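# Observations on chain architecture
The chain contents come next:
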Amino acid sequence: MENVTQAIQGVPLNHYILLCTIIFSIGVIGVLIRRNAIVIFMSIELMLNAVNLLLTAFSVQHNDPSGQVFVFFIMALAAAEVAVGLAIIVMIFRNTNSTDVNILNKLKW
Amino acid sequence: MSISLFYFVAFLSIFFALLVIFAKNPVHSVLYLIVTFFTFTIHYILLNAQFLAIVNFIVYMGAIMVLFLFVLMLLNLNEGSIGSKSNLIKMIGVIAGMCLIITLVGSARVLNASEPLVLQTQDLGLVKNLGKVLFSKFLLPFEVSSILLLSAMVGAVLLAKKEIKQVK
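Notes on the structure in this doc start here.

What counts, and at which threshold
- Residues numbered from 1 in each chain as written.
- Chains lettered and ligands numbered in written order.
- Predicted model: local features only at pLDDT ≥ 70, side-chain atom pairs only at ≥ 80, totals over all residues.
- Heavy atoms only, no water.
- Contact = heavy atoms within 4.5 Å.
- Buried area = accessible area lost by both parts, 1.4 Å probe.
- Salt bridge = Lys/Arg side-chain N within 4 Å of Asp/Glu carboxyl O.
- Helix = DSSP H or I, 4+ residues; strand = E, 2+ residues; numbered from the N terminus.
- Nonpolar A, V, L, I, M, F, W, Y, C, P; charged D, E, K, R; others polar.
- Expected span 1.5 Å × (residues − 1).
- Buried < 20%, exposed > 50% of the residue type's maximum accessible area, 1.4 Å probe, protein only.
- Polar contact = N/O pair within 3.5 Å; in protein donor to acceptor, adjacent residues only side chain to side chain.

With that settled, the discussion passes to the interface of chain B and chain A. How big an interface is tends to be stated in terms of the accessible area lost upon association of its parts. If you look at the interface, chain B gives 86 residues, while chain A gives 81 residues. Both sides of the chain B and chain A interface together cover about 7900 Å² of buried area, and 76% of this is carbon and sulfur. The largest contributions to the chain B side of the interface with chain A come from I21, F68 and L117 of chain B, which together make up 10% of the buried area. On the surface where chain B and chain A come into contact, there are zero salt bridges. Ranked by residues supplied to the side of chain B that touches chain A, first place goes to helix α3 (residues 50-75) of chain B with 12 residues. Looking at the side of chain B that touches chain A residue by residue, the class counts come to 61 nonpolar, 18 polar and seven charged.

On to helix α2 (residues 26-46) of chain B, then. All names here are of chain B. Its 21 residues place the ends of α2 30 Å apart at the C-alpha level, agreeing with the 30 Å of an ideal helix rising 1.5 Å per residue. For α2, every residue scored as buried is listed here: P26, S29, V30, L33, T36, F37, T39, F40, T41, H43, Y44 and L46. With a side-chain oxygen positioned 3.2 Å from the backbone nitrogen of V27, the residue opening α2 is N25. Once α2 finishes, N48 follows within two positions and takes phi at roughly 60 degrees, a positive value.

Once that is clear, we can look at the pattern of salt bridges. Residues and elements named next belong to chain A. Scanning all chains against the criterion turns up one salt bridge over all chains. Salt-bridge contacts for R35 lead to D100; the nearest nitrogen and oxygen are separated by 2.4 Å. Taken together, the residues R35 in the loop between α2 (13-33) and α3 (37-62) and D100 in the segment after α4 (66-96) connect sequence positions 65 residues apart.

We now examine unusual backbone geometry. The backbone of N63 of chain A sits at a positive phi, close to 55 degrees, despite the residue not being glycine. Along the chain, the position of N63 of chain A falls in the loop between α3 and α4. Although it is not a glycine, N48 of chain B sits at a positive phi angle of roughly 60 degrees. The residue N48 of chain B is located in the loop between α2 and α3 in this model. Note on N48 of chain B: relative accessible area 4%, which makes it buried.

This is the structure in structure tokens:
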């Protein structure tokens, strides 16, 4: 395990910020350009994971385990969110026979 | 083992994340997302956050992604059943995302946080260390999260079950 952790010795924190920013933005782009509700959900998962990785990197940087505990809570939250969200998607599919978000425009101004 | 391993895994993460949002078939999207999460697990191992690596592997790749795959298979969505947005909207979405990247990177530059990441204590992310923190400092949030999971389970069952017609 020692030589595995040697690999990050020397990676600047900026590069972690850069990586997580790019992944987060890919998630945002996915939410904006896709119409399938399930793919939109997956993009949200991508964003959550980007934040998780950044929290872990900062936790290592500051030598504080609280950051990794937060990541654990975010994972619990993501599990709850996915369960409820997919239930809603199944309900929408039962009513409209599709998971296209463009069909759901009754509340659109 | 060198510093380039991080950059290789980072490249893989970005590559598969891009494939997730640009794949036509939603099943392919889910599979690419699993690969993306696997690269994240490697990132956690590199940061010596072993507990998070295992949790990410089991909970995300094992549970959540299987849930996605199950729902996708149950709904039986065909490739062409859902059209894509118009090219104009796509372009605007991509440009907006690029603007977000530029804004965040620009603000991160000001932070001047470019000192190399150093693992000060080797056992920071181990189960023993995290468990101590979780059950002392974060005991109340831990219990509250159990209630959150319970309510999510009840909510999911309530939402997904068929409405029973009230015949009187």
